[in-house]
Amino acid sequence: LYLASAQSVATKHAPYDAIVIGLGGIGSAVLAQCAARGLRVLGLERFSPAHARGASHGGSRIIRQAYFEGAAYVPLLRRTYALWKALEERSGRTLFTRTGGLFAGTPDRAVVAGTLESARVHGLDHEVLEPEALRRRYPQFRLRRGEIAVFEAAAGVLFPERCVLAHLEVALDDGAAARFGTRASGWDVVGDGVVVRTAEDELHARRLVVAAGPWLGALIPAFERIVRVERNVQFWFAPAASDDVGPARLPIFAVERSEWEFMLYGFPDFGDGVKCAFHHSGNFQDPELEHTVTESEVDSVRLALRSWLPSANGTLRGTAACMYALTPDDHFIIGPHADSDHVILAGGFSGHGFKFCPIVGEIVADLLTQGGTSWDIAMFSPQRFVASNAR
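Below is a short write-up of the structure. (Residues numbered from 1 in each chain as written. Predicted model: local features only at pLDDT ≥ 70, side-chain atom pairs only at ≥ 80, totals over all residues. Heavy atoms only, no water.)

### Describing unusual backbone geometry
- Look at His280: it is not a glycine, yet its phi comes out positive at around 110 degrees.
- Of note, His280 is situated in the loop between strand E16 (274–279) and helix H8 (295–308).
- Judged by relative accessible area, which is 16%, His280 ranks as buried.
- Positive phi, close to 65 degrees, is recorded for Asp330, a residue that is not glycine.
- Secondary-structure assignment places Asp330 in the loop between strand E17 (316–326) and strand E18 (333–336).
- For Asp330, a relative accessible area of 34% corresponds to the partly exposed category. (Helix = DSSP H or I, 4+ residues; strand = E, 2+ residues; numbered from the N terminus. Buried < 20%, exposed > 50% of the residue type's maximum accessible area, 1.4 Å probe, protein only.)

What follows is the structure in structure tokens.
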């Protein structure tokens, strides 16, 4: 109700400093950071606030610092922790719960090896637990011979819907405008600005930010075949032993095993059951499509859960699809469009981007206001995938 009453109406006669297409996790953070800097900014969202059609929903997202995807992310993570805390304090919402994190498998697999590398390179607090030590601390888990677990106390859970709403609320408080149920059908660079087309009107701005999640390719055709949309399913199971799997007793986890095609990750029971999912599915599709969750999908995640966390393997309580926008190298896309610095892209977050929302918002606001940023974002350049004149 607050968001609906606070949104503004844009007109083509009043150009904005920036328009942000997409107000999910990333777009809402961009809107908030731009408004905080005094920009006259408008956000467009085709669905309702904190919707469940993209990748910023499902009740929980992992946040951690010992980052197996690459040690280069750690400085960004340190900053994003501080920004989440600041947003939590300003909004009055509980956005983060520290549970600790457990990252398990054989030492040669990516989850364990990458976690240890990031922790050691950046001097992050962590512990290495052999099977017996893990059994004493967390008897709920089942490590096998030859496996180890890395424990990071700083890891925990973000609540994505609350996070999106908090960013939207502070953005509107700081003067941003937002329109929900408004789909951007296209855009053009015209003179020294950008025109964004919707079904209702044409909107004018000096700059454009495209943060459209799985719909990035629909707005930036050069990325239509580069950024693939993968449907992944989240599952909630009623725990067989509820006192063993609540947030006071169970950390978030990520574990790899040779018989699983993809990593299994999960969360303690916050009241809806233990949430778990495979990180990837190989199921690529149009983001407009919806598919019923199959019994085989349920069976495969249940089989993995039974071998790793048997006390959580109870009745299936619910499922939810999540759309990953995957780049070929699994790193993000953040930076100017190859053909025009009037357009900034923020996409391809590859199923691990939500925790970075506020720092991405800060970086994009830097690019809009300063033409650059002090953060090293070369690894995220859109131009690593597409050449100029490939709109």
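Next comes the rest of the write-up.
### Focus on the pattern of salt bridges
- In total, this model carries 19 salt bridges according to the counting rule given.
- The salt bridge involving Glu362 is made with Arg79; its shortest N-O contact spans 2.6 Å. Separated by 283 residues along the polypeptide, Glu362 in helix H9 (residues 357–370) and Arg79 in helix H3 (residues 74–91) bring together distant segments of the chain.
- For Arg79, a relative accessible area of 31% gives the class partly exposed.
- With a shortest N-O distance of 2.9 Å, Arg257 and Glu147 are connected by a salt bridge. Placement of the pair is Arg257 in the loop between strand E14 (252–255) and strand E15 (263–267) and Glu147 in the loop between helix H5 (131–137) and strand E7 (148–152), with a sequence separation of 110 residues. Glu147 carries the same exposure label as Arg257, and that label is buried.
- Connected via shared salt-bridge partners are Glu132, Arg135 and Arg136. (Salt bridge = Lys/Arg side-chain N within 4 Å of Asp/Glu carboxyl O.)

### Examining the sheet that holds strand E3 (residues 61–63)
- The 3 strands are arranged E3-E8-E4 in an open sheet whose pairing can be described as antiparallel. The outermost strands of the open sheet, each flanked by one partner alone, are E3 and strand E4 (96–98). Taken pair by pair, the neighbouring strands of this sheet meet at an average axis angle of 30 degrees, ignoring direction.
- As paired strands, E4 and strand E8 (residues 156–158) are joined by 3 bridges and run antiparallel to one another. Within the sheet, the bridge partner assigned to Arg98 lies in E8 and is Gly156. (Pairing = 2+ DSSP bridges. Axes fitted to C-alpha atoms, helices over the stretch in contact; angles between N-to-C directions.)

### Considering the packing of H3 against helix H6 (residues 160–173)
- Packing of H3 against H6 leaves a shortest axis separation of 10 Å and a crossing angle of 65 degrees. If you check the angle between H3 and H6, you find them roughly perpendicular. Crossing of H3 over H6 shows left-handed handedness. Here H3 contributes Trp84, Leu87, Arg90 and Ser91 to the contact with H6, which in turn contributes Cys163, Ala166, His167, Val170 and Asp173.
- Grouping the amino acids of the contact of H3 with H6 by side-chain chemistry returns 5 nonpolar, 2 polar and 2 charged. (Parallel < 35°, antiparallel > 145°, perpendicular 65-115°, else oblique. Left-handed = near helix turned anticlockwise from the far one by under 90°. Contact = heavy atoms within 4.5 Å. Nonpolar A, V, L, I, M, F, W, Y, C, P; charged D, E, K, R; others polar.)

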